Amino acid sequence: MTTSRMDDCPQQTPLFTFGVIADIQYADIDDGYNFTRTRRRYYRSSLKLLRNARESWSESAVKPEFILQLGDIIDGFNKGQDASDRALHTVLREFSSGPAELHHVWGNHEFYNFSRSALLHSQLNSSLHHGSLHSGSLHPDSLHSGSLHPDSSSPDSLHPGSSSRGLGAQAPGSDIYAYSFSPCPGFTFVVLDAYDVSLLGRQESSEQYSQAMDLIKQYNTNEDLNCPPLIEGLQRRFTMFNGGFSKEQLDWLDSILSSADEKQERVTIVSHLPVHPRSTDPICLAWNYEQLLAVVQSHGSVVCFMAGHDHEGGYHQDTDTGVHHVTFEGVIETPPDSNAFATVSVYKDRMELKGRGRIADRVLLFPCLRS
């Protein structure tokens with residue numbers, strides 16, 4: 001169950017805390033509007049709201065162990081102005097004076113600005129910076145000069161006690177960006193690649209691109225595939241700005257969750273795209289959300305699924321599993337006099353989400369462990 005009243009919970013010392021922020025989409029351009037011109041976007045002001053979040057986390061009596069950046073860190077408009085590297089440097093510099101390590105999620109705007117290869121060799125590949133990766137995973141020595149300009153003074157320093165298990169150990173040579181880490185005994189976080197199956201970030205000559213095109217054209221017959229299908233309902237998710245999860249990634253997730261089940265760990269899954277239809281507008285859902293939900297529902301260890309992408313945010317608790325699906329409101333569509341970030345305190349039996357500005361407070365009680 002969930003409640004919006006933190007007063008209902010006894011005061012205790014949390015096991016750990018972490019911060020969450022989504023859809024910053026910074027660009028050094030004037031304000032604009034979303035695709036349908038129904039909501040204003042504050043491109044320059046997003047940096048100020050990030051600064052507000054960073055200052056709040058830095059000044060907190062209990063510092064967060066890490067920050068989840070849920071994707072779309074800079075806006076796609078930067079690409080057309082040859083400003084992608086500069087904009088990313090500006091945002092990462094703001095993050096760098098923060099109190100905690102960063103875990104970056106990739107969204108559609110990452111792929112508007114950079115190739116998948118460049119992202120894998122950049123500071124936005126958090127699996128390079130956290131924990132001891134298994135053989136076959138990407139290694140920091142593979143960082144190269146050029147796009148994204150990796151910096152030896154990266155803010156992504158390893159926090160003592162954290163560990164990660166990279167997807168590369170399960171799929172050598174894979175370019176899927178997915179990994180898990182444990183900030184505290186008994187708790188695991190899994191970062192997923194929601195554009196593993198996508199038209200974005202894939203070479204048009206590749207088999208992955210062809211397969212994604214075949215899939216989307218089954219449901220979307222528009223010439224511009226960024227326009228959703230005319231039919232109402234869940235099929236509207238088949239747009240070019242969404243994507244999905246390959247069988248390889250789903251099998252890897254299944255293995256991670258099986259291990260967590262055996263250890264009776266609590267697992268939080270993180271993705272740019274939401275996967276529960278009641279936690280978001282259908283236009284923002286992952287293409288094969290049903291398959292991802294089926295994996296989650298077959299395990300008892302998952303307690304929460306956190307996502308961005310839908311700038312209006314959303315929430316739903318799955319009645320069958322008790323899993324909380326939290327979609328965080330986007331910074332980019334938050335007025336300059338407000339905020340959009342959260343600090344989450346984790347206890348043995350719950351998470352307490354303290355939102356700022358547009359993000360509501362929530363107490364997320366953990367469902368009973370299922371065998």
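Scoring rules and cut-offs
- Residues numbered from 1 in each chain as written.
- Predicted model: local features only at pLDDT ≥ 70, side-chain atom pairs only at ≥ 80, totals over all residues.
- Heavy atoms only, no water.
- Helix = DSSP H or I, 4+ residues; strand = E, 2+ residues; numbered from the N terminus.
- Buried < 20%, exposed > 50% of the residue type's maximum accessible area, 1.4 Å probe, protein only.
- Areas by Shrake-Rupley, 256 points an atom, 1.4 Å probe, with all protein chains shown as cover.
- Axes fitted to C-alpha atoms, helices over the stretch in contact; angles between N-to-C directions.
- Parallel < 35°, antiparallel > 145°, perpendicular 65-115°, else oblique.
- Left-handed = near helix turned anticlockwise from the far one by under 90°.
- Contact = heavy atoms within 4.5 Å.
- Nonpolar A, V, L, I, M, F, W, Y, C, P; charged D, E, K, R; others polar.
- Phe/Tyr/Trp six-rings, centres within 6.5 Å; stacked < 30°, edge-to-face > 60°.
- Lys NZ or Arg CZ within 6 Å of the ring centre and 35° of its normal.
- Core = buried A, V, L, I, M, F, W, Y, C linked by side-chain atoms within 4.5 Å.
- Lys, Arg positive; Asp, Glu negative; His and termini not counted.
- Salt bridge = Lys/Arg side-chain N within 4 Å of Asp/Glu carboxyl O.
- Pairing = 2+ DSSP bridges.
- Polar contact = N/O pair within 3.5 Å; in protein donor to acceptor, adjacent residues only side chain to side chain.

*Asks:* Could you give an account of the overall build of the chain, with specific residues and numbers?
*Replies:* When helices and strands are tallied, the chain shows eight helices and 16 strands. Within the chain, the proportion of its 371 residues that are buried is 58%. Carbon together with sulfur atoms contributes 47% to the accessible area of the chain, which is approximately 15,400 Å² in total.

*Asks:* Report on the packing of helix H1 (residues 45-59) against helix H3 (residues 84-96), specifying residues and quantitative values.
*Replies:* For any two helices packed against each other, one specifies the inter-axial angle together with the distance between the axes. H3 packs onto H1 with a crossing angle of 15° between their chain directions and a minimal axis gap of 9 Å. It follows that H1 is roughly parallel to H3 by the angle criterion. Once H1 is placed against H3, the crossing between them reads as right-handed. Here Leu-47, Leu-50, Arg-51 and Arg-54 of H1 lie close against H3, whose contacting residues are Thr-90, Val-91, Glu-94 and Phe-95. Of the residues assigned to the contact of H1 with H3, the class counts are four nonpolar, one polar and three charged.

*Asks:* Go over the packing of aromatic side chains, please, and point to the residues and values.
*Replies:* In total, this model carries 19 aromatic pairs according to the counting rule given. Seen in terms of ring centroids, Phe-66 and Phe-189 are 5.1 Å apart; in terms of plane orientation they differ by 80°. Their pairing is edge-to-face. Linking Phe-66 in strand E5 (residues 66-69) with Phe-189 in strand E9 (residues 187-191), this pair joins segments that are 123 residues apart in sequence. Grouped by ring-pair contacts, the aromatic residues Phe-16, Phe-18, Phe-66, Trp-106, Phe-111, Tyr-177, Tyr-179, Phe-181, Phe-187, Phe-189, Tyr-195 and Phe-366 constitute a single cluster. Between Arg-350 and the ring centre of Tyr-347, over which it is positioned, the NZ or CZ distance is 4.0 Å.

*Asks:* So what about the nonpolar core? Which residues, and what values?
*Replies:* Membership of the largest hydrophobic core comes to 87 residues, with the highest contact counts inside it found for Phe-18 and Phe-328. Counting residues in each nonpolar core, the second largest holds eight residues, with Leu-199, Met-213, Ile-216 and Phe-238 among its members.

*Asks:* I'd like a description of the side chain of Glu-329, backed by residues and values.
*Replies:* You can see Glu-329 is positioned in the loop between strand E13 (324-327) and strand E14 (340-346). Look at Glu-329: it is buried, it has no salt bridge, and the nearest opposite charge is Arg-358 at 5.8 Å. Every residue in contact with Glu-329, bar those within four places of it in the chain, is listed here: Ala-22, Asp-310, His-311, Glu-312, Gly-313, Ala-340, Arg-358 and Ile-359.

*Asks:* Go over the packing of helix H7 (residues 247-263) against helix H8 (residues 289-297) with me, naming the residues and quoting the values.
*Replies:* Packing of H7 against H8 brings their axes to within 10 Å, and their N-to-C directions diverge by 15°. As far as their axial angle goes, H8 and H7 are roughly parallel. Between H7 and H8 lies a crossing of right-handed hand. Facing H7, whose interface residues are Leu-250, Leu-253, Asp-254 and Leu-257, H8 presents Gln-291, Leu-292, Val-295 and Val-296. In the contact of H7 with H8, the residues fall into six nonpolar, one polar and one charged.

*Asks:* I'd like to hear about the pattern of salt bridges, residue by residue, with values.
*Replies:* All chains considered together, the criterion is met by 17 salt bridges. Among the ionic pairs, Asp-349 bridges to Arg-350, the shortest N-O distance being 2.9 Å. A relative accessible area of 2% means that Arg-350 is categorised as buried. Through salt bridges that share partners, Arg-39, Arg-41, Glu-312, Glu-333 and Arg-358 make up one connected network.

*Asks:* Could you give me a rundown of the pairing of strand E10 (residues 266-270), with the residues and numbers involved?
*Replies:* E10 sits mainly inside the fold: five of its five residues count as buried. The alternating pattern of E10 places Arg-266, Thr-268 and Val-270 on one face and Val-267 and Ile-269 on the opposite face, and all of these are buried. Sheet topology places E9 next to E10; five bridges connect them, and they run parallel. Residue pairing in the sheet places Phe-189 in a bridge with Thr-268 of E10. Across four bridges, the pairing between E10 and strand E11 (residues 302-307) is parallel. Residue pairing for E11: Ile-269 is matched across the bridge by Phe-305.

*Asks:* Can you break down the environment of Asp-349 residue by residue, with the values?
*Replies:* With respect to the helices and strands, the residue Asp-349 is situated in the loop between E14 and strand E15 (350-357). Residue classification places Asp-349 among the partly exposed residues on the basis of a relative accessible area of 42%. On a C-alpha basis, the gap between Asp-349 and Pro-367 in space is 8.4 Å, while along the polypeptide they are 18 residues apart. With residues up to four places along the chain from it excluded, the contact list for Asp-349 reads Leu-364, Leu-365 and Phe-366. For Asp-349, the side chain forms a polar contact with the side chain of Arg-350, separated by 2.9 Å.

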